[in-house]
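Each chain, written out:
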Amino acid sequence: MGANGQIGLELAEALRKIYGENHVVSADIKPQPDAVGPYEKFDVLDREAMYGIIKKYNVSQVYLLAALLSATAEQKPKAAWNLNMEGLFNVLDAAKEGLIKKVYWPSSIAVFGPSTPKVNTPQYTVMEPNTVYGISKQAGERFCEYYFQKYHVDVRSIRYPGLIGFKSAPGGGTTDYAVHIYHEALKNKTYECFLSKETTLPMMYMPDALKATLALMEAPASTVKIRSSYNISGMSFNPADITAEIKKHIPAFTISYKPDFRQAIADSWPQSINDTEAREHWGWKPDYDLAKMTEDMLKHLA
């Protein structure tokens, strides 16, 4: 669900490679005329429609990716809360009622806030988010753990950092500059960044995000010891760092800075993440750093 988004498009493709085209059902509120394999257009807030699709295809696992992201959620706070929370309840209840066996729901570094330690942010720490997106994700984490403890729902989650990929357009997130900058570097050789040059944030290349998601979902239940959400880390950098890396491939590239409302959101988030628990519990380890990701992004977008 949320199959047309940044994660959904690539996760569905990865799942089809594992389970086969006809065994993965993509779903989103918008149509997808060129969908590969079964596709259903529906609203995740429509519980009856969702239950019908689950029964129609005998679905055993649900990946719930439908959400309003950080920047968009600040513009539509009530709509964001409704979508991010009620959609989760619908899926958790389907698992509680025995319709599905396993649930994946993504959390985010947005669950942390200004009072959280910013460097090497630990799994267990102060969490006082000050954005609608972060508040909804923190509440979602608590309910995931609650449904696991009270109803034995096999729900699994990752706190994604900023995600960077070449297969879809930016989707309204505060870290989306790190996707847009590659497109603009190739197209116009210049980019105006909505964050300041020294804004360091945790990031991850999409192949690593998919690797982590699939590894967590395939891990034996006994090794998944955290049922709220796992910290995972890929790399941390700021706009100046990514600019320097791009200039190694496109020397004429230039960047300017015009911070907007997203700067305050970014300032409330961690700069780097400690993911010891994910590494120890189910063997997480990233494959990409900034240099390797930049080379791959530019190759695929060229």
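I will try to describe carefully the structure that is included in this document. Only a predicted model underlies this, so the values are computations on that prediction, with no experimental measurement involved.

As for the overall build of the chain
- Looking only at helices and strands, one finds eleven helices and 13 strands in the chain.
- Computed over its C-alpha atoms, the radius of gyration of the chain comes to 19 Å, within 12% of the 19 Å expected for a compact globule of 302 residues.
- By principal-axis analysis of the C-alpha atoms, the chain measures approximately 55 × 45 × 40 Å.
- Burial statistics for the chain: of 302 residues in total, 53% are counted as buried.
- In the chain, the share of contacts with a sequence separation of at least 24, taken over all contacts with a separation of at least 6, comes to 78%.
- Per element, the accessible surface of the chain, about 13200 Å² overall, is 52% carbon and sulfur.
- Between the centroid of the 33 positive side chains of the chain and the centroid of its 34 negative side chains there is a distance of 2 Å.

A word on the pairing of strand S10 (residues 201-205)
- For S10, the tally of buried residues reaches five of five residues, placing the bulk of the element in the interior.
- Going residue by residue along S10, you find Leu201, Met203 and Tyr205 tucked away on one face and Pro202 and Met204 tucked away on the opposite face as well.
- Here strand S8 (residues 162-164) runs beside S10; their pairing, made up of three bridges, is parallel. Bridging across to S10, isoleucine 164 finds its partner in tyrosine 205.
- Relative to strand S12 (residues 235-237), S10 runs antiparallel, the two sharing three bridges. When the sheet's bridge partners are listed, methionine 203 is paired in S12 with methionine 235.

Quick look at the packing of helix H8 (residues 239-247) against helix H11 (residues 290-301)
- At a minimum axis distance of 10 Å, the contact between H8 and H11 shows a crossing angle of 55°. In terms of axis orientation, H8 runs oblique to H11. Like other packed secondary-structure pairs, H8 and H11 cross with a definite hand, here right-handed. Here Asp241, Ile242, Glu245 and Ile246 of H8 lie close against H11, whose contacting residues are Leu290, Ala291 and Thr294.
- Taken together, the residues that form the contact of H8 with H11 break down as four nonpolar, one polar and two charged.

A few points about the side chain of threonine 121
- Looking at the secondary structure, you find threonine 121 in the loop between strand S5 (107-108) and helix H5 (132-151).
- In this view, threonine 121 contacts Phe112, Thr116, Asn231, Pro270, Ser272, Ile273 and Asn274; residues no more than four positions away in its chain are not counted.

Quick look at the nonpolar core
- Core analysis: the biggest nonpolar cluster contains 38 residues, and Ile164, Tyr177, Tyr182, Phe237, Ile242 and Met293 have the highest contact counts within it.
- Sorting the residues of this core by element identifies H5, helix H6 (177-187), strand S9 (190-193), S10, S12, H8, helix H9 (262-267) and H11 as the ones contributing at least two each.
- A total of six residues in this core trace back to one element, the largest contributor, which is H6.

Describing the sheet that holds strand S3 (residues 61-63)
- With parallel pairing, the three strands of this open sheet are ordered in space as S3-S4-S6. Bordering the open sheet on either side are S3 and strand S6 (155-156), each of which pairs with just one other strand.
- Here S3 runs beside strand S4 (residues 102-104); their pairing, made up of three bridges, is parallel. Looking at the pairing, glutamine 61 lines up with lysine 102 of S4.

Conventions we followed
- Residues numbered from 1 in each chain as written.
- Predicted model: local features only at pLDDT ≥ 70, side-chain atom pairs only at ≥ 80, totals over all residues.
- Heavy atoms only, no water.
- Helix = DSSP H or I, 4+ residues; strand = E, 2+ residues; numbered from the N terminus.
- Rg over C-alpha atoms; globule rule 2.2 N^0.38 Å.
- Buried < 20%, exposed > 50% of the residue type's maximum accessible area, 1.4 Å probe, protein only.
- Contact = heavy atoms within 4.5 Å.
- Areas by Shrake-Rupley, 256 points an atom, 1.4 Å probe, with all protein chains shown as cover.
- Lys, Arg positive; Asp, Glu negative; His and termini not counted.
- Charge placed at Lys NZ, Arg CZ, Asp CG, Glu CD.
- Pairing = 2+ DSSP bridges.
- Axes fitted to C-alpha atoms, helices over the stretch in contact; angles between N-to-C directions.
- Parallel < 35°, antiparallel > 145°, perpendicular 65-115°, else oblique.
- Left-handed = near helix turned anticlockwise from the far one by under 90°.
- Nonpolar A, V, L, I, M, F, W, Y, C, P; charged D, E, K, R; others polar.
- Core = buried A, V, L, I, M, F, W, Y, C linked by side-chain atoms within 4.5 Å.

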